[in-house]
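Each chain is listed here by its residues.
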Amino acid sequence: MPPLLRFENVTRRFGSFTAVRELTLDLEKGETFSLLGPSGCGKTTLLRMAAGFDRPDEGRILLDGRDITHLPPDQRPVNTVFQSYALFPHLSIRDNIAFGPKLKGWPSGEVRRETDRMLELVDLTDHAAKKPAQLSGGQKQRVAIARALVNKPQVLLLDEPLAALDLKLRQRLLVELDAIHDEVGITFLYVTHDQGEAMSISDRIAVMNQGIIEQTGKPAEIYEAPRSSFVAAFIGDTNFLDGTVTTAGDRFSRCALENLGEIVIDNDRTLRAGERVHLSLRPEKIVVVRENPALSPEENAIHGTVEDVIYFGSRTRYWVRCGCWRICAEMQHRRYQLDESLPQWGDAVWLRWHANDGYLLDRYREEDEALLTFPGEA
Amino acid sequence: MKKSEWGSTLPSLAWLGVFVLIPLLIIFVIAFRPTLPAGGVGEGWSLDAVRSLSDPAYPKLLGRTLGISAVTTAFCIGISLPVAFCLARLAPHWRSRLLLLMVVPFWTNFVIRVFAWQQLLHAEGPVARSLRALHLIGENDRLLGNSTAVVVVSVYTFLPFAILPLFAAAEKFDFGLLDAARDLGAKPFRAFCSVFLPGIRQGILTAFLVVFVPMLGSYVVPDMVGGADSQMIGNRIAQRNFNDRNLPAAAALSGALTLLVLGPMLIRRRKGAEA
Amino acid sequence: MKPSRLPLVTTILVLVFFYLPIAALVIRSFNASRYTPAWKGFTWKWYERLWEREDLLSALGNSLKIATAASLLSMVLGTTAAFALHRHRSRLQDFHSLMVRVPLVLPDILMGMSLLLLFVSAGVPLSLITITLAHVTFCLSYVALVVLARLEDFDFNVVEAARDLGATPLQAFAKITLPMLLPGILAGGLLAFTLSIDDYVITFFVKGPGSDTLPTLIYSMIKKSRELPVINALSTLMLAITFAVVFAAQRLTRKA
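Residues numbered from 1 in each chain as written. Chains lettered and ligands numbered in written order. Predicted model: local features only at pLDDT ≥ 70, side-chain atom pairs only at ≥ 80, totals over all residues. Heavy atoms only, no water.

Account for unusual backbone geometry, with residues named and values stated.
Residue and element names in this part refer to chain A. Positioned with a positive phi, E22 is a non-glycine residue whose angle comes to about 35 degrees. Looking at where E22 falls in the secondary structure, it is placed in strand β2 (residues 17–27). Notably, D64 is not glycine yet its phi reads approximately 55 degrees, a positive angle. (Helix = DSSP H or I, 4+ residues; strand = E, 2+ residues; numbered from the N terminus.)

What follows is the structure in structure tokens.
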């Protein structure tokens, strides 16, 4: 089956700044696809080109096989949910939703029926006669969604739709948005800088940075198997380790960390001895123990001293000094662990992890370390 | 240049060109025309009107115009500062009511407002009688017909124009800064001067311009409540025009006044470019 | 620490200052004394006299005609000017902006004088038309600034939203932009109307013989010291109408 929406070698420049660079991307019919990235990465530009508010300098945009690159926004079968809601303040909620159908010249009975159906879908039937200013932020956002969906677009474009809401409301609307998606079955293109939103709502995610796509994949792939230092650092937190391969193997290789001896790594690509490699190791994959553990051949343990402890409630974060490395580890507390005292500042501990939990990066850039909430020391 | 830009710019720009720019330039042309005996502008060129500017009475007239304008502006800003401060600190509910209350008197006709003062300051009016009863003025002192009356009534007519920009600036001011200054040891008045005033300096500049510049061309107020020794340039322009029927002389004076107001207006332009 | 009471006291004194002459004027309009402000008993006769003066009525008619025409025309010109100033950044707009702001600070007497010289040079006879042209000129600037302020708060995403929902550029303007800006344009128009009604100086310079507006007529009555109590009655009546309009507008906007 051909993709529903296709960006083909799309480039968009603003003066000397290239917002989107030779980007190719396919959206399948019915999926929720997220563009995730920091502000200025080009994700909103991409969305605006899909909506027709902006046009690429090079490349094409295809919808269901048809070239829509130069079609004005009012002639595209796609609709947008704006970050600022962009509700028409002088129209009632009902008239906001009926705006599109009326313009398209639907018979008045159908306009009414579809508008009612949408009001019900977003649970705002009681507020139909109100003006946007009388609604709360969450309600406004639901009107914006209904106003777009009523037109039965082939793709619904959502531009940071929850960014203006507070955390609890954001989480609730996310669930509702997911339910709406299941009910209407329309393809969603969801733009966000919030990894949590992207993770929980998406079938697939494209992580964007500086106008290109760093990685595309299912949420779990993106988190567990980041291909680049940017993806690893932007989504969640991680430790970057780098070393030199000493023994290259088919499945597992050995690699020497500076000042710290050898560790086992899982290599999903062929390595050569002497090659320099970069590794991402997420804090929650590391177990902090007091005793030197007995290890299987695929496990690692390194010795260090606790330098800092931060208690978060659901988990505790440890910074452990291991030679010239400062490694972050996170653990949850379980009932049985309360019997023994948790590691304290200055305690000698072992950090233990399985080779599968470290992930070999294809691309590493030093500046991505700055994205971490706990940049390591050089 | 885009077509849409010209489409939306041309109507207003053309209008302002014809009715503001060209008339201002014409002032300087007419100033060099001869006067017809019957009143009116003759053909050819003449320096008579410009020479009439060397009238020995004019330096005094100019000084008085600048003086009255400056004093009025100082009073307007001095009074508006605490008022703007007070308005900005009030609860929004009270603020909008008070603001309305301040603006409403100025929807009365300007001429009528000045007329009201004329009556209020009349020798038989309530103010004069009270002051006389308190022996603050003598039996023959007049409240009308002097520069003080011109300043008082000018302050009255221009005060809202000073309050509004200062209030607009004060409303945007972060009053937490005053607390910070107090916390760091500043006395209230010191905090007001060294934190509040710099914080609203754009508003002060606007207030200065919208009071001082129009004041320089003041005409109605000195005409109605002033006397012979409180006439300003505006009165002389009107007199040259309506009484002497000498348009070139009126134009020459107007040209001089235009050059006078151009200075402060250009300051604003430079300041605007910086911001 | 107690906050300083100086600002509040000043504000109250300023309000007294603002209303004092007006209060005196209202009281005098009921005073039977013809020449001096001394109280000589209550009377309605100045109000009765008001009806006998047909020149006042015709001057009022002139004022209303001019104000209506001037505010309508300046609403159109001021709104297009505001759009240009908001939408584009260029040398042209810098100049445009300067030109729009000049009438706001230019002393009235210079504007009146320069327009008089323009009309005299161009051989245009002074009439109600020349007064209207002059009024449009300064009203335009006020409308432009009021609408510009609204445009600065205007969320242009709603225009994109309309386009997204299937509106052509023209439909988006007619159904969204214009209705949303209308309160601002009307506010500008109302300001223009009051400024036009209020103007004396400029009108005095560009009015022809016999084409008096209310302010110029009142002024000449004052200068000739004729029927001053009638002016008080007229002023009180206008004041009452102003208050009624303000009050009604307040009630209306609160409901909306």
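Back to the text.
Give me the interface of chain C and chain B: which residues, what numbers.
Across the contact, 78 residues belong to chain C and 82 residues belong to chain B. Summed over both sides, the interface between chain C and chain B buries roughly 7,100 Å², with carbon and sulfur atoms accounting for 79% of that surface. Applying the counting criterion to the chain C and chain B interface returns two salt bridges. The closest approach of N and O atoms between R113(B) and D198(C), which form a salt bridge, is 3.6 Å. Across the contact surface, chain C and chain B share 13 residue pairs in polar contact (both at pLDDT 80 or more). It is helix α1 (residues 6–28) of chain C that provides the largest number of residues to the side of chain C that touches chain B, a total of 15 residues. For the side of chain C that touches chain B, the residue count by class is 57 nonpolar, 16 polar and five charged. (Contact = heavy atoms within 4.5 Å. Buried area = accessible area lost by both parts, 1.4 Å probe. Salt bridge = Lys/Arg side-chain N within 4 Å of Asp/Glu carboxyl O. Polar contact = N/O pair within 3.5 Å; in protein donor to acceptor, adjacent residues only side chain to side chain. Nonpolar A, V, L, I, M, F, W, Y, C, P; charged D, E, K, R; others polar.)

Talk me through the sheet that holds strand β16 (residues 299–311) of chain A; I want residue IDs and the actual numbers.
All names here are of chain A. Strand order across the open sheet formed by five strands is β15-β19-β16-β17-β18, with antiparallel pairing between neighbours. Either end of the sheet is taken by a strand with one partner, and the two such strands are β15 (287–289) and β18 (325–331). Across this sheet, the average inter-strand angle for adjacent strands is 45 degrees, counted without regard to direction. Taken together, the three bridges between β15 and strand β19 (residues 348–354) define a ladder with antiparallel strand orientation. (Pairing = 2+ DSSP bridges. Axes fitted to C-alpha atoms, helices over the stretch in contact; angles between N-to-C directions.)

Talk me through the domain arrangement of chain A; I want residue IDs and the actual numbers.
Interfaces are frequently sized by the accessible area removed from exposure as the parts join. Residue and element names in this part refer to chain A. Here chain A is partitioned into domain 1 (5–229) and domain 2 (233–371). Taking only C-alpha atoms, the centre of domain 1 and the centre of domain 2 are 39 Å apart. In total, domain 1 and domain 2 occlude about 1,600 Å² of area from one another, counting both sides; carbon and sulfur atoms represent 46% of this. Ranking the residues of domain 1 by area buried against domain 2 places Y223, R227 and S229 at the top, with a combined share of 48%. Counting across the interface, domain 1 meets domain 2 through four salt bridges. (Domains from an automatic or database assignment.)

Summarise the interface of chain A and chain C; cite the residues concerned and give the values.
Taken together, the contact between chain A and chain C spans 23 residues of the former and 17 residues of the latter. One can count two salt bridges joining chain A with chain C. With a closest N to O distance of 2.6 Å, E160(C) and R48(A) form a salt bridge. Counting only elements with at least two residues in the side of chain A that touches chain C, the list comes to α1 (43–51), β6 (78–81), α2 (93–103) and α4 (137–149) of chain A. Grouping the amino acids of the side of chain A that touches chain C by side-chain chemistry returns 13 nonpolar, six polar and four charged.

Can you explain the pairing of strand β7 (residues 155–159) of chain A? Please cite residues and give values.
Residues and elements named next belong to chain A. Burial within β7 is extensive, with five of its five residues counted as buried. The side-chain alternation of β7 yields two buried faces, one formed by V155, L157 and D159 and the other by L156 and L158. As judged from the four bridges shared by β6 and β7, these two strands associate in the parallel manner. Looking at the pairing, V81 lines up with L158 of β7. Bridge analysis of β7 against strand β8 (residues 187–192) gives five bridges, and the strand direction is parallel. Paired with V155 across the bridge in β8 is T187. Of the crossover connections in this fold, the one passing from β7 over helix α5 (residues 167–184) to the parallel β8 is right-handed. (Buried < 20%, exposed > 50% of the residue type's maximum accessible area, 1.4 Å probe, protein only. Right-handed = clockwise from strand over helix to strand, strands pointing away.)

So, the sheet that holds β8(A): which residues are in play, and what are the values?
Residue and element names in this part refer to chain A. Within the open sheet, the six strands sit side by side as β6-β7-β8-β3-β9-β10. Their pairing is mixed. Whereas interior strands pair on both sides, the edge strands pair on one side only; in this sheet they are β6 and β10 (212–217). Going across the sheet, the axis of each strand differs from the next one's by a mean of 20 degrees, ignoring polarity. Strands β3 (32–36), β6, β7, β8 and β9 (204–209) of the sheet are contacted by α1, whose axis makes an angle of about 145 degrees with β7.

Kindly report on the pairing of strand β1 (residues 5–14) of chain A, identifying the contributing residues and their values.
Residue and element names in this part refer to chain A. Bridge count between β1 and β2: seven bridges; the pairing is antiparallel. Each bridged residue has a counterpart across the sheet, and for F7 the counterpart in β2 is L25. The loop that links β1 with its antiparallel partner β2 comprises two residues; one of these, G15, has a positive phi angle of about 65 degrees. By the bridge criterion, five bridges tie β1 to strand β4 (residues 58–63) in an arrangement that is antiparallel. Across the sheet, residue R6 finds its bridge partner in β4, namely L62.

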